[in-house]
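Residue-level structural notes
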Amino acid sequence: MVALICSRFGIDQIDVAEDIVSETFLAAAETWGLKGVPDNPVGWLYRVARNNTLNGLKHERVFRQKVKGELVRGGVSRVEPELDISPENITDSQLRMLLAVCHPCIPVEAQVSLALRVLCGFTIDEIAQALLTTKANVNKRLFRAKEKLRSSGVTLTLPDDTGMNERLDAVLLSLYLLFNEGYYSAGPDKLLRKDLCLEAMRLTYLLSDYRGASGRVVVRGDIYSLLALMCFQASRLDARVDEAGGLVLYEQQDSGRWDTELINRGNSFFIKACDTGLLSRYQLEAAIAWWHTHHRDGREKWENILMLYNRLLLLEYSPIAALNRAYAYARVYGKEKAIKEAEGLQLEDNLFYHSLLGELYMGVDDRAAIVHFERALALASTEAERAVLAGKLVAVRRS
């Protein structure tokens, strides 16, 4: 809705657009609480947002100075501004907004923060967790980014091929983080948010068919690689949660619940990515995810996964990737050797660090395993995480 409003009245009105959307959801909370949820809640929200926009334009300074002034200068005496809420315009507005907030006039971290906030609906806390920074830093980035977009006169016009390539890294990172938040949510209520995963996949697919000013599809291998990664990961979404809403770890998942259609689509996107000849972090992560769609759990599988993690860390280091590599290392070389690999990362405030060390120490030093599982339990933010860790503690204490 923010993208739609800004597509009609300019990205310089982004704060006004966010206020209108907030008012729309407040109206939904009040109305639906009394009358129930309408048959088409999405359509209801867009219609109310449109009405709120038009009402605001009639009475606020934005209409008098921005819109009405342009209409008068254009020789139009009386025109009622419209807001096109067709599905096609909504999709087009989202793509335009995504590319606009990732404009190179602002730093990459600000681009990603703004994309996560405006287009992905992240809270300040969620952005801070995703980007490993503080809420104060996120608020500063958002404020400065909006001011810079205004002062630079950035518009919602689609960029040419060169402009697209300048923005694509930040766009893909934003969509990658959106998918990750859905796949393993940092929120306290839900461990898995399938709607965010599907939205990230939808927006990434739009990019894969993006046509620049030349009218040609702008092909970059990392778009297909990211799509492949999302397909492979999403293929196991249903198997990651049991009927009670509990987390099912990879080793205990029912592979019969994996979505073979998504795996096949991922294979198709992965082949397209390889054909472009561009090696990216997304291609390596997609290859790792591909191996995780294999039912058989043998040495060959984990040797290949370990090799891919080694290449990924050389290409683009990440503490989480290094942590995941330590698990693959254990599957190839054993727990005792992997403990040294994992402890060298020193991620003392990370839930997954202590959870992994607890797993590695089980059967090697059960007292150390208990210490790490208890530390992980204290860091857990969801009931599903706490339930898994509590089960691990019970198992190691009985052994």
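Worth saying up front: this structure is predicted, and the values here are computed from it rather than measured.

Take the packing of helix H6 (residues 108–118) against helix H8 (residues 135–151) next. One can describe the packing of H6 onto H8 by two numbers: an axis separation of 9 Å at closest approach and a directional angle of 95°. By the angle class used here, H6 and H8 are roughly perpendicular. Residues Glu109, Ala110, Ser113, Leu114 and Arg117 of H6 pack against Arg141, Leu142, Ala145, Lys146 and Leu149 of H8. Among the residues forming the contact of H6 with H8, the class breakdown is 5 nonpolar, 1 polar and 4 charged.

This next bit is on the packing of aromatic side chains. By the definition in use, this model includes 10 aromatic pairs. Aromatic pair Trp32 and Trp44: ring centres 5.3 Å apart, planes at 65°, arrangement edge-to-face. Of the two residues, Trp32 sits in helix H2 (residues 14–35) while Trp44 sits in helix H3 (residues 41–59), which places them 12 residues apart along the sequence. Taken together, the aromatic side chains of Tyr205, Tyr224 and Phe269 make up a single cluster linked through ring pairs. Over the face of the ring belonging to Tyr183 we find Arg240, whose NZ or CZ atom lies 4.0 Å from the ring centre. When the ring centre of Tyr176 is taken as reference, the NZ or CZ atom of Arg281 above it lies at 4.5 Å.

With that settled, consider the environment of Ala17. Summarising the element assignment, Ala17 is placed in helix H2. Distance in space between the C-alpha atoms of Ala17 and Met1 is 7.9 Å, their sequence separation being 16 residues. Ignoring sequence-local partners within four residues, the contact set of Ala17 consists of Val2, Ile5 and Cys6.

Let us look at the nonpolar core. Of all hydrophobic cores here, the largest spans 83 residues; its most connected members are Met97 and Leu207. In terms of residue count, the dominant contributor to this core is helix H9 (residues 161–183) (11 residues). If sequence neighbours within four positions are ignored, Met97 has contacts with Val2, Ala3, Cys6, Ile11, Ile14, Val118, Leu119 and Leu156. Membership of the second largest hydrophobic core comes to 40 residues, among which are Trp291, Leu306, Tyr309 and Tyr353.

Look at helix H1 (residues 2–9) against H2: their axes get within 9 Å of each other, and the N-to-C directions meet at 140°. Judged by the angle between their axes, H1 and H2 are oblique. In the packing of H1 onto H2, the handedness of the crossing is right-handed. Facing Val2, Ile5 and Cys6 of H1, the residues of H2 in contact are Ile14, Ala17, Glu18, Ile20 and Val21. Looking at side-chain class alone, the contact of H1 with H2 contains 7 nonpolar, no polar and 1 charged residues.

Moving on, we get to the environment of Arg325. Following the sequence through the fold, Arg325 ends up in helix H15 (residues 319–333). Remark: the alpha-carbon pair of Arg325 and Glu341, spanning 16 residues in sequence, is separated by 8.9 Å. In this structure Arg325 touches Leu306, Tyr309, Asn310, Leu313 and Glu341, once residues within four positions along its chain are discounted.

Rolled over the atoms, a probe sized like a water molecule indicates the empty space that remains. There is about 610 Å³ of room inside the second largest pocket. Those elements giving two or more residues to the lining of the second largest pocket turn out to be H1, H2, H3 and H6. Top contributing element to the lining of the second largest pocket by residue count: H2, with 4 residues. A class-by-class count of the residues in the lining of the second largest pocket yields 12 nonpolar, 3 polar and 2 charged.

Below, the discussion takes up the pattern of salt bridges. Note on pairing: side chains with opposite charge can pair once their charged atoms come close. Using the criterion set out here, one finds 23 salt bridges in the structure. The salt bridge involving Arg220 is made with Asp222; its shortest N-O contact spans 2.7 Å. An identical accessibility class is assigned to Arg220 and Asp222; each is buried. Note that Asp297 and Lys301 form a salt bridge whose closest N and O atoms lie 3.5 Å from each other. Judged by its relative accessible area of 38%, Asp297 is partly exposed. Overall, the relative accessible area of 3% leaves Lys301 in the buried class. Through salt bridges with shared partners, one network takes in Asp15, Glu18, Lys146, Glu147 and Arg150.

Rules and cut-offs
- Residues numbered from 1 in each chain as written.
- Predicted model: local features only at pLDDT ≥ 70, side-chain atom pairs only at ≥ 80, totals over all residues.
- Heavy atoms only, no water.
- Axes fitted to C-alpha atoms, helices over the stretch in contact; angles between N-to-C directions.
- Helix = DSSP H or I, 4+ residues; strand = E, 2+ residues; numbered from the N terminus.
- Parallel < 35°, antiparallel > 145°, perpendicular 65-115°, else oblique.
- Contact = heavy atoms within 4.5 Å.
- Nonpolar A, V, L, I, M, F, W, Y, C, P; charged D, E, K, R; others polar.
- Phe/Tyr/Trp six-rings, centres within 6.5 Å; stacked < 30°, edge-to-face > 60°.
- Lys NZ or Arg CZ within 6 Å of the ring centre and 35° of its normal.
- Core = buried A, V, L, I, M, F, W, Y, C linked by side-chain atoms within 4.5 Å.
- Buried < 20%, exposed > 50% of the residue type's maximum accessible area, 1.4 Å probe, protein only.
- Left-handed = near helix turned anticlockwise from the far one by under 90°.
- 1 Å grid on protein atoms, 1.4 Å probe; cavity = no way out; pocket = protein on both sides within 12 Å on 5 of 7 lines; lining within 4 Å.
- Points joined across faces, edges and corners; volume = space filled by probe spheres on them.
- Salt bridge = Lys/Arg side-chain N within 4 Å of Asp/Glu carboxyl O.

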